[in-house]
Amino acid sequence: MRTALTPSLIRHIGASSTVLLKNEGSLPLNKPRSISLIGNDLGPSLLGPNGYDDRGGDMGTLAMGWGSGTADFPYLVDPLQAFSLQARKDRSILNWHLNDTDLEGAAKVARHADVAIVGINSDSGEQYITVEGNEGDRNDLFPWHNGTELVLAVAAVNNNTIVVVHAVGPVIIEDWIDHPNVTAVLWPGLPGQESGNGLLDVMYGAYNPSGRLPYTIAKRREDYSADIIYVDSAEPPHPQVDYTEKLNIDYRHFLSKNITPRYEFGYGLSYTEFNFTNLQLNEWEGAQEPEEKGGERVVGGFLADW
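Residues numbered from 1 in each chain as written. Predicted model: local features only at pLDDT ≥ 70, side-chain atom pairs only at ≥ 80, totals over all residues. Heavy atoms only, no water.

Draft legend 1. Quick look at unusual backbone geometry. At the junction of Leu27 and Pro28, the peptide bond is cis and its omega measures out at 0° in the coordinates. Mapped onto the fold, Pro28 is located in the loop between β1 (19-23) and β2 (34-38). The residue Arg91 is not glycine, and still its phi comes out positive at about 60°. As for its placement among the helices and strands, Arg91 is situated in the loop between α2 (79-90) and β3 (93-97). Judged by relative accessible area, which is 78%, Arg91 ranks as exposed. Even without glycine at this site, Asn278 takes up a positive phi of about 55°. (Helix = DSSP H or I, 4+ residues; strand = E, 2+ residues; numbered from the N terminus. Buried < 20%, exposed > 50% of the residue type's maximum accessible area, 1.4 Å probe, protein only.)

Dropping the structure here:
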């Protein structure tokens, strides 16, 4: 049932689920003199929000994956729409370039902006729909539509480049995450119909980032414990998958193999700063020493990784 509170609730959910992965002091924004929005993912689709059946396409901002579990958007607020209203309010100069392949044009628009925001994405869905050669799932873990090259082209000319990633899951970001001109990275995932407004709330400090990664972002695809079976040679045609890793999936796999990820499960920054001072540790009467149990420890009756 739709109510008058539905848009504000969806906007709140979009903002609260956005993960702040990196911030070198460029966020939150405070009435910047000029802003450039770069990338197809920050604008509207030329076909409208429901132009592809079951959302089986990737044009404009990515707010929903594809497949039988999708629904029609009643509307979709893209970042360009949201930022246009904010720029009008702040009297900021707003430019944009929504062509992912025109790197020269992207650099031209970004070069003199106080802040350049680059939007990239990575989509997936169900097997009955093939999108840009991706049958259901993704063919790789890199950004779609020249995303890596787009970020690098903008960061090469603007020393305050902020990257926004709309993605269905982990994306390999090693080519640019440590670039000195990439000052912030936001990971909204798939935020739904209030996408642009939720992103705006976080970037302008109306909402303190509180989202945490629901998966681990690795440095290499090979660092993950499992991969997609792209060629099914099984007889009969149902692949046999043996879960030999048992419970060592996602962060447990990285811990068991001593692999350092780029960002671990549960990672997320905020705008809040705090310090611990004058810490004191007190021993409780009757406290027991932790006991070892197969590489783990039982502490106070709770099983914890150690």
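Draft legend 2. Expanded view of the pattern of salt bridges. For the structure on display, the rule yields six salt bridges. Arg55 is the partner of Asp72 in a salt bridge, and the nearest nitrogen-oxygen pair spans 3.1 Å. With a gap of 17 residues between them, Asp72 in the loop between β2 and α2 and Arg55 in the loop between β2 and α2 connect regions that are remote in the sequence. The closest approach of N and O atoms between Glu174 and Arg262, which form a salt bridge, is 2.8 Å. Within this pair, whereas Glu174 is found in the loop between β7 (161-167) and β8 (182-187), its partner Arg262 is found in the loop between α6 (251-256) and β9 (291-293), the two being separated by 88 residues in sequence. When its relative accessible area of 18% is taken as the criterion, Arg262 is described as buried. Counted as one network, the salt bridges with shared partners bring together Glu174, Asp178 and Arg262. (Salt bridge = Lys/Arg side-chain N within 4 Å of Asp/Glu carboxyl O.)

Draft legend 3. Main features of the nonpolar core. One finds Leu21, Val163, Trp176, Trp187 and Leu213 to be the most contacted residues of the largest nonpolar core, which totals 26 residues. Listed by contribution, the elements that provide at least two residues to this core are β1, α3 (103-110), β4 (115-122), α4 (147-155), β7 and β8. In terms of residue count, the dominant contributor to this core is α4 (four residues). In terms of nonpolar packing, the next biggest core, distinct from the first, is built from 24 residues, Leu29, Ala87, Leu186 and Leu200 among them. (Core = buried A, V, L, I, M, F, W, Y, C linked by side-chain atoms within 4.5 Å.)

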